[in-house]
Amino acid sequence: MSKTHNTDVLIIGAGPAGYTAAIYAARANLKPILVMGPQPGGQLMITTDVENYPGFENVIQGPWLMDQMQAQAKHVGVPCIFDIITDVDVTQRPFVCKSESGDTYIAKTIIICTGAQAKWLGLESEKHFRGFGVSACATCDGFFFKNKEVAVIGGGNSAVEEAMYLTHHASKVYLIHRRDQLKAEKILQDRLFKNPKIVPLWNRQVLAIEGEEMPTRVTHLQLADAKGAPAERIALDGVFVAIGHSPTTAIFQGKIDLDENGYILTNSRLETSMSGIFAAGDVQDHIYRQAVTAAGQGCMAALEVERFLSQ
């Protein structure tokens, strides 16, 4: 039987931003409700070793960190509901949100923390080795490939930036692009071509990622030549897919302002174009995309909601 939930603040999404927003909102006695969405924990659920989240001397696991955030949110009294918001009526306050379960959520304010998903190549072998040599975040995982050979797949700004970053760790970085020229900005291309550690491979398409089991690790990359040359197989230790991200904003299209790539536009206080609706984390941040920055923005959004409701 469907239910109606009333709250001062509805938090949509359960990654670092959502959990942190929930914790701060609960401590402000706003009695938040967190609707967890289709992938509770966000992208950290597919991240194995995490070494750059403050407060932990030793390596931690991404899913474990998300479990701890959820436990902390529950400890301060936040209902963490396994449901998916399918529609948001922004025409009046309080906002009325419908969910996949049939429940209705009525909220004075909303914090959107639905995140963004990395675009993948769609290969079974890519999925198999994800987290074991295949990554979509050089900043997160580059450290694990010190003095090793890796490949970056893509041709835009993100791919070039990932390749440049990886040169601080890896001994060689292949930049693999399906065309014969990059889409990245000219200044980034100039820096890339001057870097002796980077080897561009043009007109290549990834056929498969090969590796070993126990321990699970990447060992080779199979490539096809778009111009008909024989397929090749190169030895390497890691593959970084950098073909873009997709923010999870479909239900907000036409309701709040988004940029040309679908990210939510916010001001410095994380307010969206609709008064009373805020956004935090990767759903509005296409630059940093880190767990720690998402958590910080979740804190900011909750504090801004408290200020907004006290006016």
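1. Some words on the overall build of the protein
Part 1: Looking only at helices and strands, the protein has seven helices and 19 strands in total.
Part 2: Over its C-alpha trace the protein gives a radius of gyration of 21 Å, about what one expects of a compact globule, namely 19 Å for 311 residues.
Part 3: Projected onto its principal axes, the C-alpha coordinates of the protein cover approximately 65 × 40 × 35 Å.
Part 4: Residue burial in the protein is summarised as follows: out of 311 residues, 50% are buried.
Part 5: A separation threshold of at least 6 residues defines the contact pool for the protein, and within that pool the share at least 24 residues apart is 58%.
Part 6: Put simply, the protein shows about 15,200 Å² of open surface, and 51% of that area lies on carbon and sulfur atoms.
Part 7: Of note, the protein has its 28 positive side-chain charges centred 2 Å away from the centre of its 33 negative side-chain charges.

2. Describing the sheet that holds strand E17 (residues 238-241)
For sheets, the rule is that strands pair by backbone hydrogen bonds, running either parallel or antiparallel.
Part 1: A sheet is described by the order of its strands in space; here five strands give the open sequence E10-E17-E11-E12-E13, paired in parallel fashion. Edge strands, defined here as strands with exactly one partner in the open sheet, are strand E10 (134-135) and strand E13 (198-201).
Part 2: Bridging between E10 and E17 involves two bridges; their strand directions are parallel. Within E17, the position partnered with Val134 by the bridge is Val239.

3. Things to note about the nonpolar core
As a rule of thumb, soluble globular proteins bury nonpolar side chains together.
Part 1: Judged by nonpolar contacts, the single largest core of 35 residues is most densely connected at Ile11, Tyr19, Leu34 and Ile111.
Part 2: Of all elements in the fold, only strand E1 (4-12), helix H1 (16-27), helix H2 (62-75) and helix H7 (291-310) reach the threshold of two or more residues within this core.
Part 3: Not counting the four nearest positions on each side in its chain, Leu34 is found in contact with Ile11, Gly13, Ala14, Gly18, Tyr19, Ala22, Val78, Pro79, Cys80 and Ile81.
Part 4: Core analysis: the next-biggest nonpolar cluster, separate from the first, contains 19 residues, Leu10, Ile12, Ile264 and Val283 among them.

4. Considerations on the state of the cysteines
Part 1: Evaluated as defined, the whole model comprises one disulfide.
Part 2: Sulfur-sulfur distance for the disulfide between Cys137 and Cys140 comes to 2.2 Å. Here the S-S torsion is close to 70 degrees, and the disulfide linking Cys137 with Cys140 is therefore right-handed.
Part 3: For Cys140, a relative accessible area of 23% gives the class partly exposed.
Part 4: Counting only cysteine sulfurs, Cys113 is the nearest neighbor of Cys299, a cysteine outside any disulfide, at a range of 12 Å.

5. What about the sheet that holds strand E16 (residues 232-235)?
Part 1: The three strands are arranged E14-E15-E16 in an open sheet whose pairing can be described as antiparallel. The open sheet has two edge strands, strand E14 (204-212) and E16, and neither has a second partner. Here the strands of the sheet are splayed against their neighbours by 25 degrees on average, with no regard to which way each runs.
Part 2: Taken together, the eight bridges between E14 and strand E15 (residues 217-225) define a ladder with antiparallel strand orientation. From the neighbouring strand, Ala208 faces E15, where its bridge partner is Gln222.

6. Some details on the pairing of E13
Part 1: Bridge count between strand E12 (residues 172-176) and E13: four bridges; the pairing is parallel. Among the inter-strand pairings, Leu175 is bridged to a residue of E13, identified as Pro200.
Part 2: Regarding topology, helix H6 (residues 186-194) serves as the crossover connection from E12 to the parallel E13, and that connection is right-handed.

7. Examining the environment of Gln72
Part 1: Relative to the helices and strands, Gln72 is located in helix H2.
Part 2: For Gln72, a relative accessible area of 43% puts it in the partly exposed group.
Part 3: The spacing of Gln72 and Ala22 is 50 residues in sequence and 9.5 Å in space, taken between C-alpha atoms.

8. Concerning unusual backbone geometry
Part 1: The peptide bond linking Arg93 to Pro94 adopts the cis configuration, its omega dihedral lying at 0 degrees.
Part 2: Residue position: Pro94 is located in the loop between strand E6 (85-89) and strand E7 (95-99).
Part 3: With an omega of 0 degrees, the peptide bond between Met214 and Pro215 qualifies as cis.
Part 4: Position of Pro215 among the secondary structure elements: in the loop between E14 and E15.
Part 5: Here the phi dihedral of Asn29 falls at roughly 65 degrees; this positive angle occurs in a residue that is not glycine.
Part 6: Its location among the elements puts Asn29 in the loop between H1 and strand E2 (33-35).
Part 7: Using a relative accessible area of 53% as the deciding quantity, one classes Asn29 as exposed.
Part 8: For Asn203, which is not a glycine, the phi torsion comes out positive at approximately 55 degrees.
Part 9: We classify Asn203 as buried; its relative accessible area is 12%.

9. Notes on the side chain of Gln284
Part 1: Residue position: Gln284 is located in the loop between strand E19 (277-279) and H7.
Part 2: With relative accessibility at 12%, the residue Gln284 sits in the buried group.
Part 3: Separated by 2.8 Å, the side chains of Gln284 and Gln297 make a polar contact.
Part 4: With near-sequence residues (within four places) excluded, Gln284 lies in contact with Tyr263, Ile264, Thr266, Leu270, Ala279 and Gln297.

Quick notes on the rules
Residues numbered from 1 in each chain as written. Predicted model: local features only at pLDDT ≥ 70, side-chain atom pairs only at ≥ 80, totals over all residues. Heavy atoms only, no water. Helix = DSSP H or I, 4+ residues; strand = E, 2+ residues; numbered from the N terminus. Rg over C-alpha atoms; globule rule 2.2 N^0.38 Å. Buried < 20%, exposed > 50% of the residue type's maximum accessible area, 1.4 Å probe, protein only. Contact = heavy atoms within 4.5 Å. Areas by Shrake-Rupley, 256 points an atom, 1.4 Å probe, with all protein chains shown as cover. Lys, Arg positive; Asp, Glu negative; His and termini not counted. Charge placed at Lys NZ, Arg CZ, Asp CG, Glu CD. Pairing = 2+ DSSP bridges. Core = buried A, V, L, I, M, F, W, Y, C linked by side-chain atoms within 4.5 Å. Disulfide = S-S within 2.5 Å. Axes fitted to C-alpha atoms, helices over the stretch in contact; angles between N-to-C directions. Right-handed = clockwise from strand over helix to strand, strands pointing away. Polar contact = N/O pair within 3.5 Å; in protein donor to acceptor, adjacent residues only side chain to side chain.

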